[in-house]
Each structure stands twice: as structure tokens, then as C-alpha cells.
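Examination of the molecular architecture
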Amino acid sequence: MTVAVILTRKGRDVVTARPDSRVSDICDLLETKGIGAVVISHDGSRIDGIFSERDFVRAVARQGSAALERPVRDYMTKAVVTCEPDDLVANVMRRMTEGKFRHLPVVEDGRLAGVISIGDVVKHRIAEAEAEAMAMREYITA
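1. A closer look at the packing of helix α1 (residues 3-10) against helix α5 (residues 118-141)
For the pair α1 and α5, the least separation of the axes is 11 Å and the interaxial angle reads 100°. As judged from the angle between their axes, α1 and α5 are roughly perpendicular. Here α1 contributes Val-5, Ile-6, Arg-9 and Lys-10 to the contact with α5, which in turn contributes Asp-120, Val-121 and His-124. When grouped by side-chain class, the residues that make up the contact of α1 with α5 number three nonpolar, one polar and three charged.

Below, the structure is given as C-alpha cells:
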């Protein structure tokens, strides 16, 4: 299965914010939307960075509460690993595990096309395993 299958099920909506947004505003966005990361983009389609809960912890560890008033570009992860819709889910899961990150922007034709999380990947793999187990049970009982 591919990343496109996950995007078809969960949708392609992406929460983005501008690089000059304050960290406190990004934290409000994370909480309001119930998400763990925001793609940082000056135009909503090209990726400038990503800001996750982990980036927030690092920002506060470095500068304390003063980090909340700084622009997110000061703390975002700039070297963003991405994937494409035709990437295999197993390969994406491996990259996320090896890189120790939980959110992966999906890029198609150089533009932001979605975001998948490790939760999306695990949910997909569980559904896949359950379908396989059901097929095996049906095969055995037929």
C-alpha cells in the first residue's frame, strides 16, 4: 500500500503557519486543532520547515518562556524529511522510525499535498493486518 491510500482515507488538509508566527500562536494552533505538528510555509504550498511538540520543548529548554514570543522560524526544524503519495507505507514507517519523527509532510509535484503521522501509519498497518487475518480465517473455513 502507498501513502496515497492513507491520504484518501484521512484527507489532504494540512495545517500551516507562516515562519513569522509567534511560537505561542503555534502552540495555540497545536492545542486547538489537536495535532502534534504544524508545517511552516510562507505561501501554504512550499515547505519552509515543520514545528512539532518536540521543537517546542527544545525552544523552552533553550530560552525559557521568552521563546513563546519569538518567531517560529527560530525553532522550527528546517531540514524536513518528506515523502510522496506513491511511497510505500512500509518504507515511510521505516524512515519515520529511523529518523525518530512522528509527522511526515507529503509532497506532490513540489507542493505540499498532505501530512501523515505515525498514528496514521500504524492505524493503516493494523487495518491491513486485520483484513489479512479475516481473509485467512475465511480461506480456512471455506
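Resuming the write-up.
2. Considerations on the sheet that holds strand β2 (residues 37-40)
Read across the sheet, three strands follow the order β1-β2-β3 without closing on themselves; strand pairing throughout is mixed. The open sheet terminates on both sides in strands that have one partner only, identified here as β1 (16-17) and β3 (49-52). With four bridges connecting them, β2 and β3 associate as antiparallel partners. Bridge pairing in β3 links Val-38 to Phe-51. Of the strands in this sheet, β1, β2 and β3 touch helix α2 (residues 23-33), which is tilted by about 130° from β2.

What counts and what doesn't
- Residues numbered from 1 in each chain as written.
- Predicted model: local features only at pLDDT ≥ 70, side-chain atom pairs only at ≥ 80, totals over all residues.
- Heavy atoms only, no water.
- Axes fitted to C-alpha atoms, helices over the stretch in contact; angles between N-to-C directions.
- Helix = DSSP H or I, 4+ residues; strand = E, 2+ residues; numbered from the N terminus.
- Parallel < 35°, antiparallel > 145°, perpendicular 65-115°, else oblique.
- Contact = heavy atoms within 4.5 Å.
- Nonpolar A, V, L, I, M, F, W, Y, C, P; charged D, E, K, R; others polar.
- Pairing = 2+ DSSP bridges.

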